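Here's the letter readout for the chains.
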Amino acid sequence: MLGDDAELTAAVLAAQDGDETAFRTVYRAVHPRLLGYIRTLVGDPDAEDVASEAWLQIARDLERFSGDADRFRGWAARIARNRALDHIRMRGRRPAIGGDETELAGRAAESDTAGEAMEALATGSALSLIAQLPQDQAEAVVLRVVVGLDAKTAAETLGKRPGAVRTAAHRGLKRLAELLGDDPESPHVLDALPPPRKPRDRAVMPAGVTHMRARTQKGM
């Protein structure tokens, strides 16, 4: 465990001891990609609200978490997924996300490698297309590509077997690769995933998360 993962693990441990600065570090490291996952489930208009609810629960329950950076990302994704599914149940259905296939099809001439295709999937414009995949494929792709979970952790998040998640991710990536002009039969699509991006310094926690964290620590 090196680099960003080691730093995230250390930040989580410090946040559990009540370090507010460490909690902000955890938030900056995890939030952007977690928000991308939530967008595929509930759509852009509601994603920020659902993410805020997820972070309030993460802050409240953090003292009960145990594990390293990978496990934390999976744990946070499960919380986000539960909040998103609650939101969908209240609304009645999964939303139709804006955007169409031309958003990625137009990139075909420039994206002739699996690496470029996977890099494109980390962009906001691609998330709208991913959300139009069948939900099992969309979730598998985003958890593997955007959130950066391995198959086992993604499977735990979704309550499925790792093999089922790998299959769903492969099918989703195959369809997206076709739209990007990649070789749809490439057996190494998942091997070309981009490395996790470093968080932006300007990321700010939604209102209420810091206050909830402070109240949580006072009650320990």
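Below is a summary of the structure that appears in this document. A quick note: this is a predicted structure, and the numbers were derived from the prediction, not measured.

About the cut-offs
Residues numbered from 1 in each chain as written. Predicted model: local features only at pLDDT ≥ 70, side-chain atom pairs only at ≥ 80, totals over all residues. Heavy atoms only, no water. Helix = DSSP H or I, 4+ residues; strand = E, 2+ residues; numbered from the N terminus. Polar contact = N/O pair within 3.5 Å; in protein donor to acceptor, adjacent residues only side chain to side chain. Axes fitted to C-alpha atoms, helices over the stretch in contact; angles between N-to-C directions. Parallel < 35°, antiparallel > 145°, perpendicular 65-115°, else oblique. Contact = heavy atoms within 4.5 Å. Phe/Tyr/Trp six-rings, centres within 6.5 Å; stacked < 30°, edge-to-face > 60°. Buried < 20%, exposed > 50% of the residue type's maximum accessible area, 1.4 Å probe, protein only. Left-handed = near helix turned anticlockwise from the far one by under 90°. Nonpolar A, V, L, I, M, F, W, Y, C, P; charged D, E, K, R; others polar. Salt bridge = Lys/Arg side-chain N within 4 Å of Asp/Glu carboxyl O.

Right, let's get into the environment of Ala-6. The topology assignment puts Ala-6 in helix α1 (residues 3–16). Sequence spacing of Ala-6 and Asp-70 is 64 residues, and the spatial spacing of their C-alpha atoms is 10.0 Å.

Following the sequence through the fold, Thr-40 ends up in helix α2 (residues 20–42). At 2.6 Å, the side chain of Thr-40 forms a polar contact with the backbone oxygen of Tyr-37.

Now for the packing of α2 against helix α8 (residues 135–147). Direction vectors running N to C along α2 and α8 enclose 170 degrees, while the axes themselves pass 9 Å from each other. With respect to α8, the axis of α2 lies roughly antiparallel. Mapping the contact onto sequence places Arg-33, Gly-36, Tyr-37, Thr-40 and Leu-41 in α2 and Gln-135, Glu-139, Val-142, Leu-143, Val-145, Val-146 and Val-147 in α8.

Before going further, it helps to spend a moment on the packing of aromatic side chains. In the structure shown here, the tally under the stated rule is five aromatic pairs. Pairing Phe-65 with Trp-75 gives two aromatic rings, centres 5.1 Å apart and planes at 40 degrees, and the pair type is tilted. In this pair, Phe-65 is assigned in the loop between α3 (44–61) and α4 (69–91) and Trp-75 in helix α4, connecting sequence segments ten residues apart. For the pair Phe-65 and Trp-75, a shared accessibility class is recorded, and that class is buried. Their ring planes at 45 degrees and their centres at 5.7 Å tell us that Phe-72 and Trp-75 sit as a pair that is tilted. Remark: Trp-75 and Phe-72 occur in helix α4; sequence separation between them is three residues, near one turn of the helix.

The N-to-C vectors of α2 and α4 enclose an angle of 35 degrees; their axes lie 10 Å apart at closest approach. Once α2 is placed against α4, the crossing between them reads as right-handed. Touching Val-26, Val-30, Leu-34, Tyr-37, Ile-38, Leu-41 and Val-42 of α2 are Phe-72, Arg-73, Ala-76, Ala-77, Ala-80, Arg-81, Ala-84, His-87, Ile-88 and Arg-91, all from α4. Of the residues contributing to the contact of α2 with α4, the split by class is 13 nonpolar, one polar and three charged.

Among the secondary structure elements, Thr-157 is positioned in helix α9 (residues 151–158). Reaching out from Thr-157, the side chain makes a polar contact with the backbone oxygen of Gly-74 at a distance of 3.5 Å. Sequence-distant contacts of Thr-157, that is, excluding residues within four places in its chain, are made with Gly-74, Ala-77, Arg-78, Arg-81, Leu-143 and Leu-149.

Right, let's talk about the environment of Glu-156 for a bit. Mapped onto the elements, Glu-156 comes out in helix α9. Relative accessible area serves as the criterion here: at 37%, Glu-156 is assigned to the partly exposed category. The spatial distance from the C-alpha of Glu-156 to the C-alpha of Ala-77 is 10.0 Å, given a sequence separation of 79 residues. Setting aside residues no more than four positions away along its own chain, Glu-156 makes contact with Arg-71 and Arg-78.

A few words now on the pattern of salt bridges. The full count for this structure, using the stated rule, is eight salt bridges. Put simply, Asp-44 and Arg-39 hold a salt bridge, and the shortest N to O gap is 3.0 Å. For Asp-70, the salt bridge goes to Arg-73, with nearest N and O atoms at 2.7 Å. In this pair, Asp-70 and Arg-73 both sit in helix α4, three residues apart, roughly one turn of the helix.

By themselves, these observations are geometric and do not establish any function.
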